[in-house]
Structures are given as C-alpha cells and as structure tokens.
Amino acid sequence: MTPPKAHIPLARVQQWMQYLLLRQGNTLQDHQQHLVPDDNGLLLTDMVKDSKRLSAREHLAIYQRSYTARLRDCMSKQFSALEYALGEDLFRAFADEYLQCHPSTSYNLITLGEKFPAWLEANRPDKDEVVKEDWPDFMIELARFEYAIHIIFEEEAEEDFLPATGDAPEETLQLIPVFHVFAFSFPVRWYYQAFTNKLAPELPAPQESYCAVMRHQYKLSIYDLNRGQYLLLQHLLSGHTIRQAKAQLHNQNTADRSQLESVWPLWKKKWLEAGFFRSRPAGTPIH
Amino acid sequence: MSINNLPDLGLGLGLRSKHFNHILAEQPNVDWFEAISENFMDSYGRPRQVLKQIAEQYPIVMHGVSLSIGSSDPLNFAYLKSLKTLAKEIKPAWISDHLCWTGTLTINSHDLLPLPLNEESLQHVCNRIRMVQDYLEQPLILENPSTYLSFEQSTMPEWQFLAHMTEETGCGLLLDVNNVYVSAFNNDFDPVEYIENIPHHRVVQMHLAGHQHCGDYIIDTHDRRVAGAVWELFRLAWQKTGGVATLLEWDGDIPAFDVYHAEMLKAKNFMSDNAFTGLPAPPIAEKETAVSNPIHFMVAELTMNPGP
Ligand SMILES: [Fe+2]
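Cut-off values and rules
Residues numbered from 1 in each chain as written. Chains lettered and ligands numbered in written order. Predicted model: local features only at pLDDT ≥ 70, side-chain atom pairs only at ≥ 80, totals over all residues. Heavy atoms only, no water. Donors = N, O, S within 2.8 Å, 3.2 Å for Na, K, Ca; no water. Tetrahedral: all angles 85-135°; square planar, octahedral: opposite > 155°, others 65-115°. Helix = DSSP H or I, 4+ residues; strand = E, 2+ residues; numbered from the N terminus. Contact = heavy atoms within 4.5 Å. Salt bridge = Lys/Arg side-chain N within 4 Å of Asp/Glu carboxyl O. Polar contact = N/O pair within 3.5 Å; in protein donor to acceptor, adjacent residues only side chain to side chain. Nonpolar A, V, L, I, M, F, W, Y, C, P; charged D, E, K, R; others polar. 1 Å grid on protein atoms, 1.4 Å probe; cavity = no way out; pocket = protein on both sides within 12 Å on 5 of 7 lines; lining within 4 Å. Points joined across faces, edges and corners; volume = space filled by probe spheres on them. Pairing = 2+ DSSP bridges. Axes fitted to C-alpha atoms, helices over the stretch in contact; angles between N-to-C directions.

**Side note on the coordination of the iron ion**
All names here are of chain B.
Item 1. Bound to the iron ion on the protein side are Glu-143 (OE), Asp-176 (OD), His-207 (ND1) and Glu-249 (OE), at distances that span 2.0 to 2.3 Å.
Item 2. Each of the four donor atoms around the iron ion contributes to a set of angles spanning 85 to 171°, which defines the coordination as irregular.
Item 3. Ordering the donors of the iron ion by residue number gives the pattern E-x32-D-x30-H-x41-E. Taken together, the positions of Asp-176 in strand E6 (residues 172-176) and His-207 in strand E7 (residues 203-209) put the pair 31 residues apart, joining distant regions of the chain.

**Digging into the interface of chain B and chain A**
Item 1. Residue-level contacts link 70 residues of chain B with 62 residues of chain A.
Item 2. Where chain B packs against chain A, one counts two salt bridges.
Item 3. With its nearest N and O atoms 3.8 Å apart, the salt bridge here joins Asp-188 of chain B to Arg-53 of chain A.
Item 4. Connecting chain B to chain A are 23 residue pairs in polar contact (both at pLDDT 80 or more).
Item 5. Elements with a minimum of two residues in the side of chain B that touches chain A: helix H2 (46-55), helix H3 (77-90), helix H4 (119-136) and helix H6 (177-187) of chain B.
Item 6. For the side of chain B that touches chain A, the class distribution of residues is 29 nonpolar, 32 polar and nine charged.

**A word on empty space enclosed by the protein**
Residue and element names in this part refer to chain A.
Item 1. Counting across every chain of the model gives four cavities of 30 Å³ or more.
Item 2. Together, Leu-86, Phe-94, Leu-120, Asn-123, Arg-124, Pro-125, Trp-135, Pro-136, Met-139 and Ile-140 line the second largest cavity.
Item 3. The biggest single contributor to the lining of the second largest cavity is helix H8 (residues 135-154), with four residues.
Item 4. Across the lining of the second largest cavity, the residue classes break down as eight nonpolar, one polar and one charged.

**A closer look at the sheet that holds strand E3 (residues 60-63) of chain B**
All names here are of chain B.
Item 1. Around the barrel, which closes on itself, the eight strands sit in the order E1-E2-E3-E4-E5-E6-E7-E10 with parallel pairing between neighbours. Within this sheet the neighbouring strands show an average axis-to-axis angle of 30°, counted without direction.
Item 2. Pairing analysis gives two bridges linking E3 to strand E4 (residues 95-98), with the strands arranged parallel. Across the sheet, the residue bridging to His-63 is Ser-96, located in E4.
Item 3. Relative to E3, H3 is tilted by about 170°, and along the sheet it contacts E3 and E4.
Item 4. Its contacts with the sheet put helix H8 (residues 228-241) on E6, E7 and strand E10 (245-249), and the angle it makes with E7 is roughly 170°.

That is the geometry; function is a separate question.
Okay, structure coming up:
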C-alpha cells in the first residue's frame, strides 16, 4: 500500500483545480511537466489519483473538456443567430476567448453573455485599422439584440393587465410594462427573424432599422418601426404622455406638425391592434 | 425540521420546458415533478409562470445545481435568498442539491466538481449544511454527484463521508443510482458495496438516468435510457431503502413526454422481492467523447409570436 499523500487544505485544492479548468490554453506546457504555476510546484500526481484505466492527467482532462464544452454550448444557445452569422468556427474562437477573459461569476447562466457584445466591440478584428469593415458592426448589433431578447423574456414585470382597446381616451394610453425599442444601422430584426424561421439569411448590407420588442402574457412580439415611430415611442418610454411625446417629436424633427397629425391616427390604430398600450385609469399620474 | 416526515412521492419526472405545453394541456398522470431551481429562481417570464401552474396540480421538488456546499468561498446568501423566495412560492416537498463545489474565488464553473473526502472537507461541508438548513428552515437533501477523478487527499470512501455528513447534520440523501455506477467505474470502487453501506434510513429520494460508456470511462450524459446494470443497482437500493420517491433524469435528446414517462414506469419492474443477483456486464463502449454533468439548466426557450 502506498502511504497517503500529505494533506493539502481544501481551499488550495479547489484553487488548483479551478486554475486548470480556466487556463487550459495557457498551461499546456504546465500539464506536460505536471506542474502548476503559482502554486509552489504542486505536482498533478500529488493531487489526483491514477486509476486502473486512466492516468491522473486523463481524469482531469474529462473535467477540462466538459467545462469548455458546457459554456460554449450556453453561448451558442444565447447567441444562436450570431453563431450562424459568424460561422461555427469563428463564433467558437470568439466565445472561447471571451470566456477566458470573462469567466462566469454568477450562478445564473442567463448573464453569461452579458459582456459579450462589448467584448466583441473591444476585440473586433479591424480594431487597429483606420478604415473599418462593415461586418463587425453588424455582428455587434446582432449580439446586443440577441442578449436583450433573452433578458426581456425573463424580466420581472406586471403581466396581469388588459391591453387598451380603440375606445380608450388617448390621454389614458400608456405603453405596456415590457416594451423596448431598438435602433440599428443594419436590418438586425429582419436577419434575426429570418434566421429563427430557418430561412438561411445572407449577411445584410448596412441599412438603418428600428423595432419594438414587447411581452404580453409571457410571449414576445417584435414590430418594425420607422425612425419617427421609434423616436415617438422613446419619448413615451421616458414617461411622457402622447401629447407631450408628439410635441417633442415635432421639435426634434423637420417634419411639420400637420404631417405628424396626419399619420398619427394610423399609427395609433395599428399600435392599439398590436397591443402596445394599456389604459391608465383616469386621474392616475403617468409615473 | 426532520427528514422523517418527508413523504414518499412515488415516481416523478424532471420538468423540462419542452414538455410545458403537454403537461398544461394533458395533465398527465405523473406522481410528481422535479424542477431545476436555477431555471426559475431569477426568471419572471413564462417558465416561472408555468411552474406556478404545475405546482398547483402536482407535488414539486426543487433540485439545485449551484449551492456549492463544498466550496471554500463563503456561502452565497444572495443565492439562498432567491432560492428561499422561490420555495415560498412553490412550496416544494423538499429542496435538494449536490455534494460538490461549483467554483471558488467568486468564479462559477457551472460544473459539479468533486471534493477531496477527508476530515477537513467533512467538517467544512457539515458546518455549511447547518447554516443552509437554518436559513431555509428545512432539511437539505444532498445528492452524490457523478465523479471523474479521485483526490490523493481523500481519506474515506464517499459512502462513509455521506454517512458521517447525514449523522452530524440531520440532512437527507438523494441517492443517484446512476451516479454511483458512473463514479464507481471511473474511480475503481465497488458500486454494490457503496449501496450496501450508505445510511439507508437517510435516503429521501433516488435518481435514475442514462449514461454513455466511453470505454475507459463513463460519462453521466442524461440523454438516453437507463442502463441494465443501473436498473439492477436500483433493485438493490430499493430493497435496502424500503423504497423512496424516485425520479428519472433526462436532459439531452429529451424524448416525447410519453416515452420519458414510460421509461420511468419501468422502475416498477425492479421493486419486486426478486433478489439482487449482481450486475450485468456493461454494453459495448462508444468511443466518441461526451460532456459530463449535462447542464440541466439552460438558456430558456423563447416563446415568440410570428414576426412582422
Ligand atoms: Fe442526479
């Protein structure tokens, strides 16, 4: 019988093992030498037993493979349209590098990709070039949108309300609790839904686009907007009444008030049908 | 606060988003459901709403993967608070997690990592179980994880660690029979000896699941039917414990609800008095690699209206 190895405190065992899970790329040589840096030369064979069939190294490798595969898989589920747009190999390279820079610190996997859009922005392949390419901008916008969709799906909000109907007085209309607007320099909404509907979209050319994402009865809906609609809804989201929002839009737009007034009834009708609004009981303040 | 009063819930199934609509519409004749706590804790969208509806009709057990009872980091009370809030809402029959650690130095690996099994880790785990039980105001039920390595620093077998742990803290055990089989193969111990020696009166629940045999090791994949040898171990565990609430885990390649339910009901064939006569030989190994401890908790499936 071999004598038991010297006791190593639990915290040190865990730091050692975690280091080898997280820093796999950097420690290939350390593995070969069975050495772990920053840990006073602990030998792999001081820590992990060989078994009948596997060496200590092979035992540890099962955990290393699974760590990477599991988190990659989560990233690809959270950014599935982006993965399609980038192609699997490039997506995987980005995701792996991102996870090295930002290992998860939350028990909740939904936030795993929180910093991914910003990381893509900071690490775009043309970051040192004077003339930037288009496609990284598209990828970053798509990543932001996909992450936002997942957060909106889970966000805490009142769901127990009836959408406003056409006979509700205009001054009582307010946006429903889960309502967000987006502005893009690419047709991101179109691409996202074409991908979701398995239509294999091609990379799009730059083109300004706007959309709203809302949730009612726990179901998400996405609507296309034009720039004026986007701006008006932004004012409503910041707490203005419809009258105030229209005045704001008028001030920032070159469009004259009569033009806005002529399209407003149509917008209002479509948005009521789409369930953008609920009716605030008379006398309640907007905030 | 004792595990003695916990009910025998019968044969249950894991609650998976793929089956939400089926369960709500058909109200299948299933004894109970096990919900992965983290899938619902901080979610205020459809999954939590569905869970609330299902909890009105079926007994629920909350099964967690992030408590990290063995970590050398301090206990995460933000996590425990969210867990307790969900428990107040759902009123589970009990709350379970794993004997493992998921990370240290504030990092989360999202894996169920193995502990060195010795006096130090035993006392560490017991202290933390007491704190968690005090905070949750109910007994904690801990599961033996599937493991893929053994530490040189281990001084006792896992069954002995579990026996001391339950004795000292009054916590219950979730005996995952498949994990016993997987860990035994990977770490050269005898699964029958393990089942015979765990404290049977402490077992509140059992898990069954499918695994992938990779030749030199076995991966706990939860993506297929239960192996013959695991059913035989279950027969032994059923006899030793006198029968407890049992659940079939299925997390990858999840089949239609009826197929999943039928696989669970096979457990009835192994509850008879037929003596346990040993384990059958394992099937031919598959060489492809697999991911251990499948994430039974995941990015939610979105429910979306058709686009514009
Ligand atoms: Fe299990």
